[in-house]
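Fold and contact review
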Amino acid sequence: MKSDQDSSNMKGKGKGGFRAASFVYALVSLENMGFVANMVSFVLYFQLQMYFKVSAAANTVTNLMGSTYLLSIFGGFISDTYINRFKTCLIFGVFELAALLLMTVQARYKDLQPSPCGKSSCLAGRIAVMFYASLSLVAMGTGGVRGALPALGADQFNQKDPKESKALATYFNFLLLSSTLGATIGVTIIVWVATNRHWWPGFLISLLATLVGFIFLVLGKPFYRLQLPGDSPLLRVIQVIVVAIKNRSLQHPSSPEELYEPEDKESSISTDQKIQHTEQFRCLDKAAILRDSNTKPAPWTVCTVTQVEEVKVLTRMLPIIASTIILNTCMAQLQTFSVTQGYYMNRLLGSFEVPAPSVPVIPLVFISILIPIYEFFFVPFARKITNHPSGVTQLQRVGVGLVLSVVSMTVAGFVEVKRKNHDLTYGKPVHVVWLSFQYGIFGIADMFTLVGLLEFFYKEAPVGMRSLSTSFTWLTQSFGYFLSSIFVDIINSVTRRTTHSKRGWLDGKLLDENHLDYFFWFLAILSLLNFFNYLYWASWYKYKQENVSSSADGICWSTNAMCAPQSLSASGVPLFKEPDDQADQNEAKKTRTTATNGNGIVGNDEKSTEEANGKS
């Protein structure tokens, strides 16, 4: 195939692979250094410098984080449809740098900061305009970069090459490691500067680190495999839905082979990109029924099987997205209320006082140690048992993370009880090391979940929707942060009316006046219920099936699932549901000649890489 030849040419020119991905790692590390440092310290910055109340500061941070991750969808859509991922990162990077510049200036000059007023927020006039403008630019810039950057790095690995397919899982593990190492420096050095010297030097360091990160990204341009944007992913989805509605009165054909797929020579995409027909959501199959064989196919009259299957893939992803929202609601607490907990605890290590926003370094250290162990020891061992390129399936990784989030929130509740009782009984704060339990457990949970979701959404996505699909990982975080703000408001509203004190669980100005332990246990119960919900949908999910090729070592790789005979699982979590439908396995072995009707993704595979590199 032409795409295979182009892949060989790209390798000969030294494009792609870990050398190209290393420039992405550099940006991730340097940009995350400032981003995470700011996010964990914002809750104190808003309270001490902008004079927010505790709950208002926490809600402002979670709303900012939610907006940031929500806007990653916009960045992913842009890079899939209009401009390539490299340019998308640079454009949104300008917004991010502008935001950090505004924050630095506002934190530097007293006349750009509010005075204490005793209200929930003391911002007004030009101070409020500058404050919210900087937060808006942070959300736009950081979100847009996150929507395109992970997919840009993943594009450097060809999934049709068995060795590079295995390397893709390693890429996502090291992407998290790079992010973690940068964040570790951020929550220690940058946070120490901000809280012990002044806030504005901390923002300035974040600005310079991010700028250097984007310089590294630009330096790597000669080594990138750049994908051309194609047809609008949303337009393709809408076409399938509209045509399926138009054809709703038609009868399903007796065989899926009768659904519309022109000959391969008429196709704009290669056979190895096409998705095999599945039986789920058969109502959408009607979009691939050609009403009249004498009529020339047109985009809004008939869709290809591959285009229909793309919509099915996205539809199957929706319950997975919904099932991981609560996990990110729990994570929001570690970046807001747990930081406030640390502020009221004994933070002395010898003669050195640990800044409260530096407490999240605990899970970052855990992750930094565990990722190499996972990659170099666990994955090779599990791979021998499962024949899966990643050792375990992506949905299994996510499931482990969800279980650990339940444990983390349960422990967090007990730690808060310990902190409050010790303070009230002995009149002195308990040591901050107690927070290491909830942070450490959740750090491991995040390692399993974040990488699992990134790899899952990238591999399962249609070729022309990979940036958008990868952004679903950040979308779950966005909803999680927004849900955290909603929960705080609802809990306060309900408990004001039901408690004897007529005060909400989280309504006090001081932490000892609140019932943060109850809130943590509330989240633990929700997380447990959510885990059982996830088990159902993970067992129901069917991985995307594409053409299968054999590797040199005899292991057969598909896009995402195990390909060894009799072990191809129709479930994302084979421990809970083994496939018993032999027809599904037979269907996976069929070789169908497929093509596109003109709605196909043009220029999104490897064969368009050279053209993309020339244009950019």
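Residues numbered from 1 in each chain as written. Predicted model: local features only at pLDDT ≥ 70, side-chain atom pairs only at ≥ 80, totals over all residues. Heavy atoms only, no water.

This paragraph deals with the confidence of the model for the protein chain. In the predicted model, the protein chain carries a mean pLDDT of 80, and 83% of its residues have values of at least 70. Mean pLDDT across the elements of the protein chain ranges from a minimum in strand β4 (residues 556-557), with 37, to a maximum in helix α8 (residues 199-219), with 95. For residues 1-12, every residue scores under 50 in pLDDT, and the model assigns this stretch 22 contacts once sequence neighbours within four places are set aside. In this model residues 547-616 is a low-confidence stretch, pLDDT under 50, and it forms 197 contacts with partners more than four residues away in sequence or in other chains. (pLDDT = per-residue confidence, 0-100. Helix = DSSP H or I, 4+ residues; strand = E, 2+ residues; numbered from the N terminus. Contact = heavy atoms within 4.5 Å.)

Take the pattern of salt bridges next. Applying the stated criterion across every chain, the model contains 11 salt bridges. A salt bridge links E353 to R347; the nearest nitrogen and oxygen atoms lie 3.6 Å apart. A residue is classified by how much of its surface remains accessible, and R347, at 10% relative accessible area, is buried. As a salt-bridge pair, E416 and R419 come within 2.9 Å of each other at their nearest N and O atoms. In this pair, E416 and R419 are both assigned in helix α14 (residues 394-426), 3 residues apart and thus about one turn of the helix distant. Exposure class is identical for E416 and R419. Each is buried. Through salt bridges with shared partners, a single ionic network connects D80, R85 and D155. (Salt bridge = Lys/Arg side-chain N within 4 Å of Asp/Glu carboxyl O. Buried < 20%, exposed > 50% of the residue type's maximum accessible area, 1.4 Å probe, protein only.)

Further remarks concern the side chain of D517. Examined against the element boundaries, D517 turns out to sit in helix α17 (residues 516-540). With no salt bridge to any partner, buried D517 finds its closest opposite charge in K420, at an N-O distance of 4.6 Å. In contact with D517, other than residues within four places in its own chain, are G413, E416 and V417. (Lys, Arg positive; Asp, Glu negative; His and termini not counted.)

We now examine the packing of helix α2 (residues 17-48) against α8. Relative to each other, α2 and α8 sit at 160°, their axes nearing to 7 Å. When the interaxial angle is binned, α2 and α8 end up roughly antiparallel. The element α2 and its partner α8 pack so that their crossing is left-handed. Along the contact surface, α2 presents F23, A26, L27, L30, E31, M33, G34, N38, S41, F42, L44 and Y45, while α8 presents W199, F203, S206, A209, T210, V212, G213, F214, F216, L217 and L219. Taken together, the residues that form the contact of α2 with α8 break down as 16 nonpolar, 6 polar and 1 charged. (Axes fitted to C-alpha atoms, helices over the stretch in contact; angles between N-to-C directions. Parallel < 35°, antiparallel > 145°, perpendicular 65-115°, else oblique. Left-handed = near helix turned anticlockwise from the far one by under 90°. Nonpolar A, V, L, I, M, F, W, Y, C, P; charged D, E, K, R; others polar.)

Let's shift gears to unusual backbone geometry. We note that Y51 has phi near 60°; this positive angle belongs to a residue other than glycine. Mapped onto the elements, Y51 comes out in the loop between α2 and α3 (54-70). Relative accessible area serves as the criterion here: at 27%, Y51 is assigned to the partly exposed category. Within the chain, F281 stands out as a residue other than glycine whose phi angle is a positive 50°. Among the structural elements, F281 can be located in the loop between α9 (233-246) and α10 (305-323). The class for F281 is partly exposed, based on a relative accessible area of 27%.

As a further point, take α9. Here α9 is 14 residues long and its end C-alpha atoms lie 20 Å apart, about the 20 Å a rise of 1.5 Å per residue gives. Among the residues making up α9, those that are buried are P233, R236, V237, Q239, V240, V243 and A244. Down the axis of α9, the sector holding all buried residues measures 155°, keeping them to one side. Of the surrounding elements, those touching the buried residues of α9 are α4 (72-81), α10 and α16 (466-498). (Expected span 1.5 Å × (residues − 1). Arc of directions from axis to C-beta.)

Turning to α16, a few remarks are in order. Its 33 residues place the ends of α16 48 Å apart at the C-alpha level, agreeing with the 48 Å of an ideal helix rising 1.5 Å per residue. Taken as a whole, α16 carries its principal kink of about 35° at T473. (Bend = angle between axes of the 7 residues up to and from the residue.)

Moving on, we get to the nonpolar core. By size, the foremost hydrophobic cluster in this structure holds 150 residues, and its most contacted members are F42, F46, L149, Y171, F172, L217 and F519. Top contributing element to this core by residue count: α2, with 19 residues. Setting aside anything within four residues of it in sequence, one finds Y171 in contact with F18, A21, V24, Y25, L149, P150, G153, A154 and F157. (Core = buried A, V, L, I, M, F, W, Y, C linked by side-chain atoms within 4.5 Å.)

Our focus in this paragraph is the packing of aromatic side chains. The description of an aromatic ring pair uses the distance of the two centres, along with the angle that the planes make with each other. Counting across every chain of the model gives 40 aromatic pairs. When the centroid spacing of 6.0 Å and the interplanar angle of 50° are considered together, the rings of W434 and F437 count as tilted. Residue classification places W434 among the partly exposed positions, given a relative accessible area of 33%. Residue F437 is classed as partly exposed on the basis of its relative accessible area of 47%. Centre to centre, the rings of F457 and F472 are 5.7 Å apart; their planes meet at 90°, and the pair counts as edge-to-face. Residue F457 is found in helix α15 (residues 436-460), and its partner F472 is found in helix α16; the two are separated by 15 residues along the sequence. (Phe/Tyr/Trp six-rings, centres within 6.5 Å; stacked < 30°, edge-to-face > 60°.)

A few words on the side chain of K15. Looking at where K15 falls in the secondary structure, it is placed in the loop between α1 (2-12) and α2. The exposure class of K15 is buried, given its relative accessible area of 17%.

Together, L204, L208, L211, V212, I215, F216 and L219 make up a nonpolar patch on the protein surface, roughly 580 Å² of accessible area in all. With respect to the element layout, L219 can be found in helix α8. (Patch = residues over 30% accessible without salt bridge, like charges linked within 9 Å, V, L, I, M, F, W, Y side chains within 5 Å. Areas by Shrake-Rupley, 256 points an atom, 1.4 Å probe, with all protein chains shown as cover.)

We now examine the environment of M409. Mapping M409 onto the fold places it in helix α14. Expressed as a C-alpha distance, the spacing of M409 and I441, which sit 32 residues apart in the sequence, is 9.2 Å. Apart from the residues lying within four places of it in its own chain, the contact partners of M409 are C330, L334, F520, W521, L523 and A524.

A word on the environment of S67. With respect to the secondary-structure elements, S67 resides in helix α3. For the pair S67 and Q477, spaced 410 residues apart in the sequence, the C-alpha separation amounts to 9.7 Å. Not counting residues up to four positions away in its chain, the partners in contact with S67 are A139 and F482.

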